[in-house]
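One-letter residues, chain by chain:
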Amino acid sequence: MELVLVNLIDGLVTGLLLFMLSAGLTLIFSMMGVLNFAHASFYMLGAYFAYQISIALGFWMGLLIAPIIVGVLGAGVERYGLRRVHQYGHVPELIFTFGLALLIEEVVQFLWGKNQMAYNIPEILNFTAFAIAGNSIPAYKIFMIFISIAIFIGLLYVLTRTRVGMIIQAALNYPKTVEALGHNVPLIFMGVFGVGTALAGVAGVIAGPVLGTFPGMAFVLGSIVFVTIVIGGLGSLWGALVASLLIGWITTFAKSYNIAMSDILNGIGIATPENLDDSIWRDLWTVTSPQIADILPYILMVLILIFRPYGLLGNRDA
Amino acid sequence: MSDKAKTNASPMRAGSMSLTLTPWIVAALLLMVLPFIFNNNSSITIMNQMWITVIFALAYNMLLGQGGMLSFGHAVYMGMGGFLCMHVMNYVEDFGLALPLPLLPLFGGLFGMGCAMLIGAISTSGAGTRFAMISLGIGELVAACSVIIVAFFGGEEGISGDRTYGLPFFGIEFLKQIEVYYLISFWLMLSAALMYLFSRTPVGRMANAVRDNPERAQFLGYSSRWVRFYSFMASGFFCGIAGGLFAINYEILTEENLNTASSGIILLVTFLGGVGFFFGPIIGAIAFTLLQTVLSLETELWAFYAGALFLATVMYFPGGLAGLIMMHVPSYRFGNANKLFVPYIKTLIPGLITVLGSAALVEMIFHYRHGSVGDNEMTLFWITFDSHALVPWIVVSVITGVAFYITKTTAPALKEAWGDANTPPTSGGAS
Amino acid sequence: MTAALELSGLTKSFGKAEIIRGVDLSIGKGERHAIIGPNGAGKSTLFNLITGRFAQTAGKISLHGSDLAGLEPYQINRMGLSRSFQITNIFPAMTVFENVRCSLLWSMGYKYSFWNLVASSKKLTDGADEILEQINLTERRNLPAGVLSYAEQRALEIGITIAGGADVIMLDEPTAGMSHSETDYIVDLIRKVTENKTLIMVEHDMGVVFGLADYISVLVYGEIIATGRPEEVRGNPKVQEAYLGEALEAEH
């Protein structure tokens with residue numbers, strides 16, 4: 001029972017982190033109709049900038065400033081890059097963001113090298129908050145949960161209760177109409193892109209110390225974020241939340257409970273073959289849930305795309 | 001514009017019907033002759049890699065350029081074809097069957113096609129984002145499975161084999177690189193020819209139609225979904241052939257051949273070359289392989305340059321290198337190509353110097369930041385200097401700055417010359 | 001005699017909004033039938049239902065006696081029904097010649113073959129050139145279809161629609177956005193190419209409708225309020241009240 005609680009918390013942390021990344025991505029998608037392949041790259045930049053700032057000014061300054069820098073960069077990318085490529089169609093847009101992801105990874109390597117950076121949890125938070133059945137829960141994880149929830153509530157509030165939020169929602173669906181009403185839609189787009197990437201940056205700032213700050217970090221997380229928004233439904237913020245939490249919990253539980261395929265197969269009545277090493281199915285028999293934990297989201301995504309192509313909470317026009 | 005000019009308006013575009021043999025004959029001759037010009041082993045290895053990449057890129061373009069389908073997980077089909085071929089090689093070796101090596105890629109092709117049929121059955125109902133996402137998901141899935149399913153994929157070490165296993169094929173044992181080169185060249189010509197002809201068949205033409213307007217194509221009696229499916233199958237076949245040749249050439253296949261990074265690279269290669277023309281991917285594959293092999297010897301930052309080049313391509317010339325070349329066809333046909341010669345020299349040469357200068361600065365920054373302590377010497381363009389001294393920095397910055405300035409000032413003249421060269425000559429007796 | 005196209009009790013609702021409310025219509029072979037009605041009456045929806053773009057909520061559609069329920073557009077097309085689109089829907093990147101040639105592929109039995117080359121079939125080439133002659137675009141043969149003028153593109157659209165040899169041709173506002181002379185030209189073209197075929201068209205231009213159609217049906221708010229020969233429809237008071245009144249005024 002206690003193990004379940006620990007996994008719930010761990011899964012929550014992963015899920016909320018994933019949500020911060022996927023929220024921005026799904027918003028950007030519903031705005032431009034294009035999947036920003038470089039989204040995870042902004043996450044990486046957030047971590048690296050925060051690291052660099054924290055050396056001089058401390059972790060908290062990094063948390064404050066780094067996302068702003070990332071957001072500004074993101075807005076710049078939209079204004080000078082994406083907007084230009086937009087005229088060529090969807091496929092070039094996708095390819096552009098893909099190339100951008102590549103370039104950012106190279107630039108990061110160029111500036112900081114290939115090794116992991118010593119970006120650490122701030123001293124204030126570096127203690128054990130409490131323990132459940134011998135498993136210690138670091139205070140930092142609680143901090144991560146709180147920040148993520150705070151951001152989600154903030155986002156929800158801005159989008160649904162403020163005037164700016166209304167205009168943004170309208171512009172996301174009917175840009176031409178909103179423009180005809182006198183709003184500066186290109187500015188809105190730039191802003192949404194900037195905020196979306198800033199969100200990714202925040203995720204980077206707080207995840208960097210825990211998941212490691214290294215040039216491959218964007219790549220590692222990149223495709224999972226796409227999977228998340230596809231499962232949740234492209235363009236749906238609630239879908240992104242549900243999918244993120246789902247994936248967070250599925251992967252955490254799969255990793256912590258060592259369920260072996262052989263047990264399942266035996267359970268439904270198929271006996272283990274005599275000479276396992278010679279059998280060509282040996283891998284199937286020896287696979288355990290931690291091994292496939294990371295690919296479960298992909299399996300889920302493919303299933304969703306087959307049976308429910310608009311995602312769990314997506315709408316038809318996505 | 002006169003009638004003659006109108007009817008001759010279409011150059012060797014993806015839509016042109018002229019089946020001229022000349023380019024093919026020239027290509028075949030070049031393939032045969034090149035190893036004699038570049039006859040050291042490393043050049044031949046590079047060329048082998050180039051030709052394999054060309055087949056893969058052409059197969060990829062069957063989907064991207066011809067079909068309008070963007071796939072992010074295409075390395076799967078090449079990898080699967082390759083892995084199967086490795087297994088076949090080992091199997092034949094163990095059981096002493098008489099399978100001549102040249103036929104091996106065929107197995108790869110068929111297996112690649114089989115995989116494409118399976119996956120295409122679910123992915124081809126749409127062409128846009130859904131298709132791209134499924135391809136990404138499947139790509140990641142297969143790459144991840146390849147580490148788990150050790151029986152087929154060999155786990156961390158991959159699967160290796162020996163291509164000299166069987167009976168000699170007309171006396172050739174394929175021990176030497178040059179023999180493999182000719183085998184690859186043969187398959188290259190065959191595959192390229194088949195892929196080109198495919199685009200001229202009914203299903204190939206409808207693939208173009210479905211790309212441009214899937215709804216309209218339905219009202220021509222064609223199911224857009226089936227047309228995409230067949231294109232996908234055909235693409236998978238040729239990817240598998242490329243995989244088989246890879247297996248023969250390198251004698252080892254690993255998870256790397258299947259993963260998203262490889263899929264990303266082929267996308268880059270194809271797009272760089274130009275998706276709108278049949279020969280685009282060929283140029284892209286050649287250019288990229290050269291970048292990858294030759295440039296990587298000169299600098300650690302070659303991937304950075306590749307990324308920057310790719311981005312520049314998307315932003316400024318999305319037609320790719322082929323598009324750039326074909327842009328000059330109208331002026332050539334009007335007989336005005338010579339008008340561009342001088343402006344090009346005036347603008348492109350300073351432009352080139354600007355790029356090289358910027359690259360030099362980048363290299364210097366990199367060396368300054370990451371060079372080992374005490375190792376201050378670096379070599380650029382055959383000049384050795386101290387990267388920590390001020391003088392080289394000033395020199396390079398000034399050269400770059402001046403070149404940039406010249407480029408900017410001569411650019412308008414080039415623009416004017418371009419417009420001039422592309423104006424059709426006023427014909428006295430227009431119809 | 002089996003009607004070429006028969007609609008019985010056809011209904012279509014999008015959620016709560018009932019767009020087509022029980023349409024009964026029978027169009028005979030070789031007829032030239034125009035469907036007119038004010039904007040928003042549901043004409044495009046009717047077209048989309050018949051051509052299989054979306055499924056009906058209730059009712060039946062039969063083509064030459066065969067039920068079209070559940071069929072995909074391409075299947076319906078193969079049964080002999082072809083349509084044009086209100087917003088020009090050609091293949092802009094391919095040449096004019098290739099646009100037409102692609103329309104011939106299926107009807108000439110090529111299906112999904114990858115073992116013959118389209119360029120080597122004289123039948124295809126001649127067939128396509130013939131159609132180009134009919135729609136008067138031979139001069140533009142090798143230009144990318146995207147650079148054609150609007151009227152030329154509409155003519156090409158019609159060419160693509162009839163090329164496959166379908167015997168029921170549905171044209172969606174073929175003269176939309178055209179000048180008088182262009183309209184006359186297109187009307188002549190339509191008359192020429194739809195000889196011996198069944199023609200169903202949606203039109204707003206009353207001149208075209210009365211000049212071309214054998215029968216007219218008037219669709220208002222998803223219902224057919226009148227159907228019959230042009231003179232009958234013209235004189236029908238319900239129609240005059242709902243629709244033609246203003247248009248007739250405008251014509252004089």
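Residues numbered from 1 in each chain as written. Chains lettered and ligands numbered in written order. Predicted model: local features only at pLDDT ≥ 70, side-chain atom pairs only at ≥ 80, totals over all residues. Heavy atoms only, no water.

Novice: Help me out: how do you make sense of the overall build of chain B in this one?
Specialist: Helix and strand counts for chain B come out as 18 helices and four strands. Taking the principal axes of its C-alpha atoms as reference, chain B extends roughly 75 × 70 × 45 Å. Relative to its full complement of 431 residues, chain B shows a buried share of 51%. Relative to all contacts within chain B whose residues are 6 or more apart in sequence, the contacts with residues 24 or more apart total 77%. Within the structure as shown, chain B displays about 18,800 Å² of accessible surface, and the carbon and sulfur contribution to it stands at 70%. (Helix = DSSP H or I, 4+ residues; strand = E, 2+ residues; numbered from the N terminus. Buried < 20%, exposed > 50% of the residue type's maximum accessible area, 1.4 Å probe, protein only. Contact = heavy atoms within 4.5 Å. Areas by Shrake-Rupley, 256 points an atom, 1.4 Å probe, with all protein chains shown as cover.)

Novice: Looking at this model, I keep getting lost on the interface of chain B and chain A. Mind explaining?
Specialist: Interfaces are frequently sized by the accessible area removed from exposure as the parts join. Counting residues at the interface gives 41 residues for chain B, matched by 44 residues for chain A. The junction of chain B with chain A conceals about 3,600 Å² of combined surface from both sides, 82% of it contributed by carbon and sulfur atoms. Among the residues of chain B in contact with chain A, B:Met133, B:Ile148 and B:Met315 are the three that bury the most area, contributing 17% of the side total. Run the count over chain B and chain A and you get zero salt bridges. Residue assignment for the side of chain B that touches chain A shows that the elements contributing at least two residues are helix H6 (129-148), helix H7 (150-153), helix H12 (260-273), helix H14 (302-316) and helix H17 (337-370) of chain B. Top element by residues in the side of chain B that touches chain A is H6(B). It accounts for 12 residues. (Buried area = accessible area lost by both parts, 1.4 Å probe. Salt bridge = Lys/Arg side-chain N within 4 Å of Asp/Glu carboxyl O.)

Novice: I tried to follow the sheet that holds strand E4 (residues 58-63) of chain C on my own but got confused; where do I start?
Specialist: Pairing between the strands of a sheet comes from backbone hydrogen bonds, and it takes one of two forms, parallel or antiparallel. All names here are of chain C. Reading across the sheet, the four strands line up as E2-E1-E4-E5 and stay open at both edges, with antiparallel pairing between neighbours. Of all the strands in the sheet, just strand E2 (17-27) and strand E5 (66-67) have a single pairing partner and so form its edges. In this structure, strand E1 (residues 5-14) lies alongside E4, joined through five bridges in antiparallel fashion. Within the sheet, the bridge partner assigned to leucine 5 lies in E4 and is leucine 63. The strands touched by helix H1 (residues 43-50) within the sheet are E1, E2 and E4, with E1 carrying the most contacts at an inclination of about 115°. (Pairing = 2+ DSSP bridges. Axes fitted to C-alpha atoms, helices over the stretch in contact; angles between N-to-C directions.)

Novice: Would you mind showing me how to read the nonpolar core here?
Specialist: Taken as a class, soluble globular proteins show a tendency for nonpolar side chains to be buried jointly. Membership of the largest hydrophobic core comes to 258 residues, with the highest contact counts inside it found for A:Ile206, B:Trp51, B:Phe72, B:Met206 and C:Leu156. Ranked by residue count, the leading element in this core is helix H1 (residues 2-32) of chain A, at 16 residues. In this structure, C:Leu10, C:Val23, C:Leu25 and C:Ile200 belong to the second largest nonpolar core, which totals 24 residues. (Core = buried A, V, L, I, M, F, W, Y, C linked by side-chain atoms within 4.5 Å.)

Novice: Sorry, what's going on with the interface of chain C and chain B here?
Specialist: Taken residue by residue, the interface counts 39 residues in chain C and 34 residues in chain B. For the chain C and chain B pair, buried surface summed over both sides reaches about 3,200 Å², with 61% attributable to carbon and sulfur atoms. On the chain C side of the interface with chain B, the three residues burying the most area are C:Tyr74, C:Phe91 and C:Tyr112, jointly 21% of the side's total. With a shortest N-O distance of 2.4 Å, C:Arg53 and B:Glu215 are connected by a salt bridge. Elements represented by at least two residues in the side of chain C that touches chain B include exactly helix H2 (73-78), strand E6 (81-83), helix H3 (96-105) and helix H5 (150-163) of chain C. Sort the elements by how many residues they give to the side of chain C that touches chain B and H3(C) lands first, with five residues. A per-class count over the side of chain C that touches chain B returns 20 nonpolar, 10 polar and nine charged. (Nonpolar A, V, L, I, M, F, W, Y, C, P; charged D, E, K, R; others polar.)

Novice: Please explain a nonpolar patch on the surface as it appears in this structure.
Specialist: All names here are of chain B. A contiguous nonpolar patch, built from Leu21, Ile25, Leu29, Met32, Val33, Phe36, Ile37, Phe38 and Tyr182 and spanning about 920 Å² of accessible area, is present on the exposed surface. Here the nonpolar patch gets six residues from one element, more than from any other, and that element is helix H2 (residues 22-37). By the element assignment, tyrosine 182 lies in helix H8 (residues 177-198). (Patch = residues over 30% accessible without salt bridge, like charges linked within 9 Å, V, L, I, M, F, W, Y side chains within 5 Å.)

Novice: What is the right way to look at the sheet that holds strand E8 (residues 198-202) of chain C in this model?
Specialist: All names here are of chain C. The six strands lie next to each other as E6-E7-E8-E3-E9-E10, forming an open sheet whose pairing is mixed. The open sheet has two edge strands with one neighbour each: E6 and strand E10 (223-228). Strand-to-strand twist across the sheet, computed as the mean angle between neighbouring axes with direction ignored, equals 15°. Relative to E8, strand E7 (residues 168-172) runs parallel, the two being bridged by five bridges. Directly across from leucine 171, in E8, lies its bridge partner methionine 201. Its contacts with the sheet place H1 against strand E3 (32-36), E6, E7, E8 and strand E9 (215-220), and it is angled at close to 150° to E7.

Novice: Please explain the state of the cysteines as it appears in this structure.
Specialist: A covalent bond bridging the sulfur atoms of two cysteines is what the word disulfide describes. Residue and element names in this part refer to chain B. Evaluated as defined, the whole model comprises zero disulfides over all chains. In this structure cysteine 239 is not part of a disulfide, and its nearest cysteine sulfur, from cysteine 115, lies 11 Å away. Overall, the relative accessible area of 0% leaves cysteine 239 in the buried class. (Disulfide = S-S within 2.5 Å.)

Novice: What am I meant to see in the arrangement of the chains here?
Specialist: Of all two pairs of chains in contact, the one with the most contacts involves chains B and C. For chain A and chain C, which are not in contact, the least C-alpha distance works out to 14 Å.

Novice: Which parts of the structure should I look at to understand the pattern of salt bridges?
Specialist: Where charged atoms from two side chains of opposite charge come close, those side chains can pair. Here the structure, examined in full by the defined rule, presents 12 salt bridges over all chains. Here A:Lys141 makes a salt bridge to A:Asp10, at a shortest N to O gap of 2.7 Å. Taken as a pair, A:Lys141 in helix H5 (residues 139-161) and A:Asp10 in helix H1 lie far apart in primary sequence, 131 residues in all. Among the salt bridges present, the one from B:Arg205 reaches C:Glu98, with a minimum N-O distance of 2.5 Å. A residue pair is termed interchain when its members come from two chains, as with B:Arg205 in helix H9 (residues 202-212) and C:Glu98 in helix H3. Look at B:Arg205 and you get buried, because its relative accessible area is 1%. Using a relative accessible area of 3% as the deciding quantity, one classes C:Glu98 as buried.

Novice: Any chance you could explain the packing of aromatic side chains here in plain terms?
Specialist: Aromatic ring pairs: the centre-centre distance and the angle between the two ring planes describe each pair. Taken as a whole and assessed by the stated rule, the structure comprises 43 aromatic pairs over all chains. A centroid spacing of 4.9 Å and a plane angle of 90° characterise the contact between B:Phe152 and B:Phe153, whose relative ring orientation is edge-to-face. For B:Phe153, a relative accessible area of 5% gives the class buried. Taken together, a centroid distance of 5.2 Å and an interplanar angle of 85° make the contact between B:Tyr181 and B:Tyr182 edge-to-face. Taken together, the aromatic side chains of A:Tyr51, A:Phe59, A:Trp60, A:Tyr119, A:Tyr140 and A:Phe143 make up a single cluster linked through ring pairs. If you follow C:Arg83 out to its NZ or CZ, it ends over the ring of B:Phe219, 5.9 Å from the centre. The lysine or arginine in question, C:Arg229, covers the ring of C:Tyr215, its NZ or CZ lying 4.4 Å from the ring centre. (Phe/Tyr/Trp six-rings, centres within 6.5 Å; stacked < 30°, edge-to-face > 60°. Lys NZ or Arg CZ within 6 Å of the ring centre and 35° of its normal.)

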